[in-house]
Amino acid sequence: MSTIAWIGLGHMGAPMSGNLVAAGHTVRGYDISEECAAVAAARGVTTVGSIAEALEGAEACFTSLPMPQHVRSVYDGPDGIWAHAAAGTLLMDTSTVDVATSRWCHDESTARGFTFVDSPVSGGTAGAEAHSLAFMLGGAADDVERARGYVAPMAGNVIACGEATAGIAAKLVNNMMLFISTMAVAEGSQLAEQLGLDHAVFWNVANAASGQSWAQRTWYPVPDIVPTAAANHDFDATFSVDLARKDCALAVQAGDTTGVHLPAAKLALGQLDELVSEGFGGKDCTLVTKFASPDGTL
Ligand code: NAD
């Protein structure tokens, strides 16, 4: 069993690191939020007060951080990972970032004698709890194989996507599709209700028919239909509007740089922008459902 450092113990980081502990690893975790650290400590993570302490004795290090700028600041600088990790440490970033940030992590890690594998995940907090996440790994084949062993206790699927940044590219495209399908489920749920359908019945129909999607199965935005939906808890975030907005903006930006037209993704981004400007950035991204509601409320 190994000693593994974990930086960022939020919605995803806490259950994911807890699953490494459950698999028998020693996990040394750090988060700037004491509240988040306490949640991870309750799952058996040894929480510490700095990145340097988290890396003591660690042969591998995971990061699960909100935005690209957080990833950059956690890797770089005198208090960062590169300054304190032992030579040869395997570094795996599970955050959703832009391709350029992931490329920078690869290049700068390699230049400093570390191994980096982009390791974004899909499956939400439900997948993190159930250790059924899909991991999308990008890097040299040997490095990806090494990473596979560390991610296994958290994963339902581990997909080697290709060379450096292939994992994060796959993740950005996947999430763009998720937010478009979330809009579809939001609108479908509201129309079903106004047409007099019972939500449980309609959910079963969609699940057995061609309207099904991961968002429909996992995030159906009406209380008491699926246990993993934020709608059951007044849209407290499982995947926050702020993070969804970030992912959607990264996909739209990638479309702009590659010349791909993304009208549906831009519509999703516009709704997420509106939620942020209304002060709902910390709520769940399935709150986009309110845009389909006849009176604009849920
Ligand atoms: P989160 O905001 O709940 O967790 C991030 C954590 O990082 C927070 O606890 C925060 O305090 C901590 N943090 C920020 N700066 C730090 C620093 N300098 N040092 C140490 N800790 C720091 O976010 P999340 O929902 O857990 O998502 C994490 C990443 O995973 C994001 O990039 C997100 O896009 C991605 N992701 C999220 C989901 C989801 O369903 N929530 C699913 C797949 C991928």
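This one's a predicted model, so the numbers in the text were calculated from it and none came from an experiment.

Cut-offs and rules
Residues numbered from 1 in each chain as written. Predicted model: local features only at pLDDT ≥ 70, side-chain atom pairs only at ≥ 80, totals over all residues. Helix = DSSP H or I, 4+ residues; strand = E, 2+ residues; numbered from the N terminus. Buried ≥ 20, exposed ≤ 12 C-beta atoms within 10 Å, placed from the backbone. Contact = placed C-beta atoms within 7 Å. UniProt positions renumbered as here; feature names shortened; annotations may be inferred. Axes fitted to C-alpha atoms, helices over the stretch in contact; angles between N-to-C directions. Parallel < 35°, antiparallel > 145°, perpendicular 65-115°, else oblique. Nonpolar A, V, L, I, M, F, W, Y, C, P; charged D, E, K, R; others polar.

## Some details on the environment of F116
Step number 1: Its location among the elements puts F116 in strand β6 (residues 115-118).
Step number 2: On the basis of neighbour counts, which here come to 28 C-beta atoms within 10 Å, the residue F116 falls in the buried class.
Step number 3: Here F116 is in contact with L91, C105, H106, S109, T110 and G139, once residues within four sequence places are set aside.

## Comments concerning the UniProt feature "domain: 6-phosphogluconate dehydrogenase NADP-binding" (unreviewed entry) in the protein
Step number 1: Mapped onto the present numbering, the UniProt feature "domain: 6-phosphogluconate dehydrogenase NADP-binding" (unreviewed entry) falls on residues 3-162.
Step number 2: What you have in residues 3-162 is 40% helix and 25% strand, and the ends, taken at the C-alpha atoms, are 27 Å apart.

## Regarding the packing of helix α9 (residues 166-194) against helix α13 (residues 263-277)
Two quantities define a packed helix pair, namely the angle between the axes and the distance from one axis to the other.
Step number 1: Across the interface, α9 lies against α13 with an axial gap of 9 Å and an inter-helix angle of 70 degrees. The angle between α9 and α13 places the two elements in the roughly perpendicular class. When α9 is examined against α13, the residues M176, F179, I180 and M183 are found in contact with a partner set consisting of A264, A265, A268 and Q271.
Step number 2: Its residues assigned to classes, the contact of α9 with α13 shows seven nonpolar, one polar and no charged.

## Some words on unusual backbone geometry
Step number 1: Of note, H131 is a non-glycine position whose phi angle comes to about 35 degrees, a positive value.
Step number 2: The topology assignment puts H131 in the loop between α7 (124-129) and β8 (133-138).
Step number 3: Since 19 C-beta atoms lie within 10 Å of it, H131 is described here as partly exposed.
Step number 4: Positioned with a positive phi, F235 is a non-glycine residue whose angle comes to about 60 degrees.
Step number 5: Looking at the element boundaries, F235 is found in the loop between α11 (214-219) and α12 (241-258).
Step number 6: The exposure class of F235 is buried, given the 22 C-beta atoms found within 10 Å.

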